[in-house]
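If you want the building blocks of each chain, they are given just below.
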Amino acid sequence: MTHAHITTWLIALILFFVAISLHKAGKQRGFKIVQMILRLFYLLIIVTGVMLLFSMAAISTMHWIKAILGIVVIGLFEMILGSTTKGKSTGAVWVIFVIAFVAVVYLGLSLPLGFYI
Ligand code: HEM
């Protein structure tokens, strides 16, 4: 399950950058399609994350924080794409996104479940 979880958020990250570059290139139709696929991947991240969470005998506070931060990161993906389409500035959200992303990966890797197939 750990592999599925990592695969889903890695693909989501790639799709996120693909969506942004399509928008910059003025390809709005492509942007919309990639954004829809990305939303499917949000669901997969949450499903695999929740499965990991409930595979544990006891869920620690840090695991809850990791899970909530994971959902926050997904929210930030959406906020950046939403502001990009509306032509609003995204600078501040990007800073929060990078910090939250690094924190969630760090927490994920440092928490003691390890690789759970
Ligand atoms: C973009 C969002 C997310 C990123 C980048 C992310 C990243 C990671 C990473 C790097 C790991 C470590 C995998 C390993 O053990 O090697 C992990 C584990 C985990 N993630 Fe996520 N995750 C995200 C979203 C979520 C969500 C939404 C949930 C729950 C609803 C969640 C729950 C978990 C749990 C329970 C683990 C196992 C922690 C452990 O090893 O003890 N994650 N995640």
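- Looking at an unreviewed UniProt entry, one finds the chain named UPF0344 protein R4Z09_23165 and attributed to Niallia oryzisoli.
- Quoted verbatim from the Sequence similarities (unreviewed entry) field of the UniProt record, the comment on the chain reads "Belongs to the UPF0344 family."
- Recorded in UniProt for the chain, the comment headed Subcellular location (unreviewed entry) runs: "Cell membrane".

1. Notes on the side chain of Thr84
- Within the element layout of this structure, Thr84 appears in helix H3 (residues 61–86).
- A polar contact of 2.5 Å, which involves the side chain of Thr84, links it to the backbone oxygen of Ile80.
- The residues contacting Thr84, other than those within four sequence positions of it, are His23 and Thr90.

2. So, the pattern of salt bridges
- Summed over the entire model, instances satisfying the criterion amount to one salt bridge.
- The salt bridge involving Glu78 is made with Arg39; its shortest N-O contact spans 3.0 Å. Remark: Arg39 occurs in helix H2 (residues 28–53) and Glu78 occurs in helix H3; sequence separation between them is 39 residues.
- Glu78 sits in the partly exposed class, given a relative accessible area of 26%.

3. Section: the environment of Ser21
- Take Ser21: it is sitting in helix H1 (residues 2–24).
- Here Ser21 falls in the partly exposed class, since its relative accessible area comes to 42%.

What counts, and where the lines are drawn
Residues numbered from 1 in each chain as written. Predicted model: local features only at pLDDT ≥ 70, side-chain atom pairs only at ≥ 80, totals over all residues. Heavy atoms only, no water. UniProt positions renumbered as here; feature names shortened; annotations may be inferred. Helix = DSSP H or I, 4+ residues; strand = E, 2+ residues; numbered from the N terminus. Polar contact = N/O pair within 3.5 Å; in protein donor to acceptor, adjacent residues only side chain to side chain. Contact = heavy atoms within 4.5 Å. Salt bridge = Lys/Arg side-chain N within 4 Å of Asp/Glu carboxyl O. Buried < 20%, exposed > 50% of the residue type's maximum accessible area, 1.4 Å probe, protein only.

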